[in-house]
Amino acid sequence: MATEEKTLILVCQNSDCKLKGSEEIMVRLQEAFADNEGIEVCPYMCFGTCERAPNIVIYPQRQWYSDVDASDLPEIVEALQNGSRVERICDQVDEGARDFIYTLLDVGIY
Ligand code: FES
């Protein structure tokens, strides 16, 4: 029997994202999903799209949230719970940058 893949919420904790509140964002997401064994919220070193900080990547769903504000979190949490995405802040960064990070994640490099 195949096991279901865990959803990772990767929250950048490098300097640009941290300066714009990514620590608080990560803590709030960890609290929101504390009882959900299918979702893990983890720090990430840098996605390379620092000009659009704070950045969050949801994998394997391949959702990339940029310019995230704490006020966006209820929508992001709700979207994750119902299998949708918050279109207005999703996949706004360069496609090549996204593909590069997704390739790293696909081969298990976090
Ligand atoms: S500092 Fe967050 S993407 Fe680089």
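Note: the structure precedes this text.
Residues numbered from 1 in each chain as written. Predicted model: local features only at pLDDT ≥ 70, side-chain atom pairs only at ≥ 80, totals over all residues. Heavy atoms only, no water.

J.: How should helix α2 (residues 22-32) be read in this particular structure?
T.: Taken together, the buried positions of α2 are S22, I25, M26 and L29. In an axial view of α2, the angular spread of the buried residues amounts to 95 degrees, which keeps them on one side of the axis. Contacts made by the buried residues of α2 are with β1 (7-12), α1 (15-19), β2 (39-44), β3 (56-59) and α3 (73-82). (Buried < 20%, exposed > 50% of the residue type's maximum accessible area, 1.4 Å probe, protein only. Helix = DSSP H or I, 4+ residues; strand = E, 2+ residues; numbered from the N terminus. Arc of directions from axis to C-beta. Contact = heavy atoms within 4.5 Å.)

J.: It is not clear to me how a negative patch on the surface should be interpreted in this structure. Could you clarify?
T.: On the surface, D16, E51, D94, E95 and D99 cluster together into a patch of negative charge. Position of E95 relative to the elements: it lies in helix α4 (residues 95-106). For E95, a relative accessible area of 52% translates into the label exposed. (Patch = residues over 30% accessible without salt bridge, like charges linked within 9 Å, V, L, I, M, F, W, Y side chains within 5 Å. Areas by Shrake-Rupley, 256 points an atom, 1.4 Å probe, with all protein chains shown as cover. Salt bridge = Lys/Arg side-chain N within 4 Å of Asp/Glu carboxyl O. Lys, Arg positive; Asp, Glu negative; His and termini not counted. Charge placed at Lys NZ, Arg CZ, Asp CG, Glu CD.)

J.: Can you walk me through the sheet that holds β1 in this structure?
T.: In a beta sheet, neighbouring strands are held together by backbone hydrogen bonds and run either parallel or antiparallel to one another. As summarised here, the arrangement of the four strands in space is β2-β1-β3-β4, forming an open sheet in which the pairing is mixed. At either margin of the open sheet sits one strand with a lone partner, and together these are β2 and β4 (63-65). Geometrically, the sheet is characterised by an average inter-axis angle of 20 degrees between neighbouring strands, direction not taken into account. Taken strand by strand, α2 contacts β1, β2 and β3, and its axis lies near 160 degrees from that of β1. (Pairing = 2+ DSSP bridges. Axes fitted to C-alpha atoms, helices over the stretch in contact; angles between N-to-C directions.)

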